[in-house]
Structure formats: C-alpha cells, structure tokens
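Residue-level structural notes
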Amino acid sequence: MSTAEPPVTADIAKTPLSGEKMFYLIALVLVAVGAGMTLLFGLPGLAMTALALVPVIYVLLIAISVGK
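Residues numbered from 1 in each chain as written. Predicted model: local features only at pLDDT ≥ 70, side-chain atom pairs only at ≥ 80, totals over all residues. Heavy atoms only, no water.

Looking at the overall build of the protein
- Along the protein, the regular secondary structure elements total four helices and zero strands.
- For the protein, the N- to C-terminal ordering of α and β elements is α-α-α-α.
- A buried classification covers 4% of the 68 residues belonging to the protein.
- Surface accessibility of the protein: about 6100 Å² in total, with carbon and sulfur atoms responsible for 79%. (Helix = DSSP H or I, 4+ residues; strand = E, 2+ residues; numbered from the N terminus. Buried < 20%, exposed > 50% of the residue type's maximum accessible area, 1.4 Å probe, protein only. Areas by Shrake-Rupley, 256 points an atom, 1.4 Å probe, with all protein chains shown as cover.)

Focus on the packing of helix α2 (residues 19-41) against helix α3 (residues 43-52)
- At a closest axis distance of 6 Å, the pairing of α2 and α3 adopts a crossing angle of 145°. Taken together, the residues of α3 that come into contact with α2 (itself represented by Gly 34, Met 37, Thr 38 and Phe 41) are Leu 43, Pro 44, Gly 45, Leu 46, Met 48 and Thr 49.
- For the contact of α2 with α3, the class distribution of residues is six nonpolar, four polar and no charged. (Axes fitted to C-alpha atoms, helices over the stretch in contact; angles between N-to-C directions. Contact = heavy atoms within 4.5 Å. Nonpolar A, V, L, I, M, F, W, Y, C, P; charged D, E, K, R; others polar.)

Some thoughts on a nonpolar patch on the surface
- Nonpolar side chains collect at one region of the surface, where Leu 17, Met 22, Leu 25, Ile 26, Leu 28, Val 29, Leu 30 and Val 33 lie side by side and expose about 740 Å² of accessible area between them.
- Among the secondary structure elements, Ile 26 is positioned in helix α2.
- Overall, Ile 26 belongs to the partly exposed group, its relative accessible area being 45%. (Patch = residues over 30% accessible without salt bridge, like charges linked within 9 Å, V, L, I, M, F, W, Y side chains within 5 Å. Salt bridge = Lys/Arg side-chain N within 4 Å of Asp/Glu carboxyl O.)

Re the confidence of the model for the protein
- Chain-level pLDDT for the protein is 84 on average; 78% of the residues reach the 70-or-more range.
- Confidence, read as mean pLDDT per element, is least for helix α1 (residues 9-14) in the protein (59) and greatest for helix α4 (residues 54-66) (94). (pLDDT = per-residue confidence, 0-100.)

Focus on the packing of α3 against α4
- Packing of α3 against α4 brings their axes to within 4 Å, and their N-to-C directions diverge by 30°. Classified by the angle their axes make, α3 and α4 are roughly parallel. Of the residues in α4, those touching α3 at Ala 50, Leu 51 and Ala 52 are Val 54, Pro 55 and Val 56.
- Here the contact of α3 with α4 is built from residues that sort into six nonpolar, no polar and no charged. (Parallel < 35°, antiparallel > 145°, perpendicular 65-115°, else oblique.)

In structure tokens, the structure reads:
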C-alpha cells in the first residue's frame, strides 16, 4: 500500500448493507425489543412478545411446508 492510495475505510462507508448484515440487524432489533418488553413489563411482557409472534411463526411454517 502506497501513500497515494486512499484508506480502506472510505470504501466501507459507501458499500450497501448485504443480506447477511441486514438479517443480523433485524435479529438484533427483535431481540432488543423482546428484552425491552421483558425489562419494562416483566413476565407478562415476555408473554405478550411470544403471543404476538405466533401468527408470524404460523405463516412461516406454512411457507416452508409449501416450499416457497
């Protein structure tokens, strides 16, 4: 690497988020929301989070069984 080349960090800022990074970002947000609900409301907050995700898991299982 010579002094005329730009630093590598300049290229990182311009690259869009990849699918994997987006997946991890969404997973992080969901875990943070679940943890926040549990901290704010205790066990009922955890139960509300789990209950709200039942339709999501139901649709996901149907989509997997269909093969999409």
